Amino acid sequence: MMKKALEGIRVLDMTHVQSGPSATQILAWLGADVVKVEPPGGDITRRQLRDLPDVDSLYFTMLNGNKRSVTLNTKTARGKEILTELIRGSDVMVENFGPGAVDRMGFTWEHIRRINPRIVYASIKGFGEGPYTDYKAYEVVAQAMGGSMSTTGFEDGPPLATGAQIGDSGTGMHAVAGILAALLQRTHTGRGQRVNVAMQHAVLNLCRVKLRDQQRLAHGALAEFPNEDFGDEVPRSGNASGGGQPGWAVRCAPGGPNDYVYVIVQPAGWEPISGLIGRPELSEDPEWATPEARLPKLGKMFQLIEEWTSTLPKMRVLEALNAHGIPCGPVLSTKEIIEDASLIANEIVVEVEHPERGTYVTVGSPLKLSDSPVKVERSPLLGEHNEEVYLRELGLSPEELPLLKSQGVI
């Protein structure tokens, strides 16, 4: 029987909304037993953005697969005792409450470490130590303060948020890395440790090339950007790749909102591109033949390419460019992605059966381990595993369970 990578690791999941649940879901996919502790009313996202009345929302189901759910009111004295037992039996504890919330509950790191010296206790917060520590953070707040928004969008437009959840799920991935490192270190030291990840820091880590460019500005304009004017900060530069090779999204037929292909023009790609666009003479023309010659005319270059691509559907452009090894990618809409046969075959777009809402589509594990295959399972119903965890695993008496319910403890 093949074991999973994290089999035998118990995760106490005290997270809600997105940044924390995205991290604990990955741990669950890797084989950890993730017990989600929810207030008796449930994680708020069970009721947010509902598409069907009175069932768990897709917001919840898509971030809480492969977990078990118990309910617990940690404000009650008995609730605190039960939480203490859960901490004692866990390897990892993860939370993403507001700053200081768990401490106010009476569970400081010192106290948690006394209960279980081997526990890895991970927290996701908006900010690190300093003037912002107690401020609330959300996805786009983290993007704003981590360097993403100021560098996204067009030069003459406002700062833009990216549709990728780099503040929430991006921080979740960083938290997973910290938790796994702490578990590995525990095999040498026998000790757990504190793992802290701030959303602002995670976004900045994903924007490091923009700090590279900030420092390059000291030595003059950034030639690979299409912008004409440079001040003392990295500008928004539309769809410029910002890397060593120029890239741009060019329009395709029939001209819908996502009928674009992103094309990167490497030195070796110019000759085949000039042939494809019907201008083979440009590969010899000294005005166009070298990257240095093309750099001041990037706008014109992509306009010439677009005159060709705008006559063809994006998938035809993809085939034509790839036949010559030219890097490019069609802009896939959410509808195209959810129906994409290769993504379905790779089990990154997965259908899951749910007892109350029927079938839903979710994103599968992006981490593929040869010895730890992932079967994506549905999210748990609220308190679905109360009996399993409290009676069979914590050893509470069957008489106490209905009492805890009537007293509002679970």
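A brief structural summary.

Let us now look at the overall build of the chain. From N to C terminus, the chain includes 17 helices and 11 strands. Counting only C-alpha atoms and orienting by the principal axes, one finds that the chain spans roughly 85 × 45 × 40 Å. Buried residues in the chain amount to 44% of all 410 residues. Put simply, 65% of the contacts in the chain that link residues at least 6 apart link residues at least 24 apart.

Turning our attention to helix 13 (residues 314-322). Listing the buried residues of helix 13 in full gives Lys314, Val317 and Leu321. Buried positions in helix 13, seen along its axis, are confined to an arc of 55° and lie on one side of it. Lining the buried residues of helix 13 we find strand 8 (260-264), helix 10 (270-276), helix 12 (298-309), strand 9 (328-330) and helix 14 (334-338).

Tracing the sequence through the fold places Ile338 in helix 14. For Ile338, the contacting residues outside a window of four places in its chain are Ile344, Val349 and Val361.

Scanning the model with the defined rule gives 0 disulfides in all. The thiol of Cys328 is unpaired, and the distance to the nearest cysteine sulfur, on Cys252, comes to 9.3 Å.

A word on the side chain of Arg294. Tracing the backbone through its elements, the reader meets Arg294 in helix 11 (residues 291-294). Buried charge without a salt bridge: Arg294, with Glu292 as the nearest opposite-charge side chain at an N-O distance of 7.4 Å. Every residue in contact with Arg294, bar those within four places of it in the chain, is listed here: Val265, Gln266, Pro267, Trp270, Trp288, Ala289 and Met301.

Turning our eyes to something else, we now look at the packing of aromatic side chains. For the coordinates displayed, the defined rule picks out 6 aromatic pairs. Geometrically, the ring pair formed by Phe225 and Phe230 is edge-to-face, given 6.4 Å between the ring centres and 75° between the ring planes. Classification of Phe230 by relative accessible area gives partly exposed; the value is 22%.

Another point: the sheet that holds strand 1 (residues 10-14). Taken together, the 6 strands give an open sheet; going across it, the order is 3-2-1-4-5-6, and neighbouring strands pair in parallel fashion. In the strand order of this sheet, the two ends are held by strand 3 (68-71) and strand 6 (194-198), each with one partner. Sheet twist, expressed as the average angle between the axes of neighbouring strands with direction ignored, equals 20°. Here 4 bridges tie strand 2 (residues 33-38) to strand 3, and the two strands are oriented parallel to one another.

Moving on: the sheet that holds strand 9. Each strand in a sheet pairs with another by means of backbone hydrogen bonds, the pair being arranged parallel or else antiparallel. Pairing within the open sheet is antiparallel, and its 3 strands lie in the order 7-8-9. Edge positions in the open sheet fall to strand 7 (247-251) and strand 9, since each of these has one partner strand only. Looking at each pair of strands side by side, their axes are set apart by 20° on average, direction ignored. Sheet topology note: the strand 8/strand 9 ladder contains 3 bridges and is antiparallel. Note that in strand 9 the partner of Tyr262 across the bridge is Gly329. In this fold helix 12 packs onto strand 7 and strand 8, with an angle of close to 35° to the strand it touches most, strand 7. Along the sheet, helix 13 makes contact with strand 8 and strand 9, crossing strand 9 at roughly 165°.

On to unusual backbone geometry, then. That bond from Ala253 to Pro254 is cis: its omega, 0°, falls within 30 degrees of zero. Looking at where Pro254 falls in the secondary structure, it is placed in the loop between strand 7 and strand 8. Phi at Asp54 is positive, roughly 60°, even though this residue is not glycine. Tracing the backbone shows Asp54 in the loop between strand 2 and helix 2 (58-61).

With that settled, consider the packing of helix 1 (residues 19-29) against helix 7 (residues 169-189). For the pair helix 1 and helix 7, interaxial distance at closest approach is 7 Å and the crossing angle is 45°. For the element pair helix 1 / helix 7, the angle class is oblique. Once helix 1 is placed against helix 7, the crossing between them reads as right-handed. Across the interface between the two elements, Ser19, Ser22, Ala23, Ile26 and Leu27 from helix 1 touch Ser169, Gly172, Met173, Ala175, Val176, Ile179 and Leu180 from helix 7. Among the residues forming the contact of helix 1 with helix 7, the class breakdown is 8 nonpolar, 4 polar and no charged.

About the cut-offs
- Residues numbered from 1 in each chain as written.
- Predicted model: local features only at pLDDT ≥ 70, side-chain atom pairs only at ≥ 80, totals over all residues.
- Heavy atoms only, no water.
- Helix = DSSP H or I, 4+ residues; strand = E, 2+ residues; numbered from the N terminus.
- Buried < 20%, exposed > 50% of the residue type's maximum accessible area, 1.4 Å probe, protein only.
- Contact = heavy atoms within 4.5 Å.
- Arc of directions from axis to C-beta.
- Disulfide = S-S within 2.5 Å.
- Lys, Arg positive; Asp, Glu negative; His and termini not counted.
- Salt bridge = Lys/Arg side-chain N within 4 Å of Asp/Glu carboxyl O.
- Phe/Tyr/Trp six-rings, centres within 6.5 Å; stacked < 30°, edge-to-face > 60°.
- Pairing = 2+ DSSP bridges.
- Axes fitted to C-alpha atoms, helices over the stretch in contact; angles between N-to-C directions.
- Parallel < 35°, antiparallel > 145°, perpendicular 65-115°, else oblique.
- Left-handed = near helix turned anticlockwise from the far one by under 90°.
- Nonpolar A, V, L, I, M, F, W, Y, C, P; charged D, E, K, R; others polar.

Any functional reading would require information that these geometric values do not contain.
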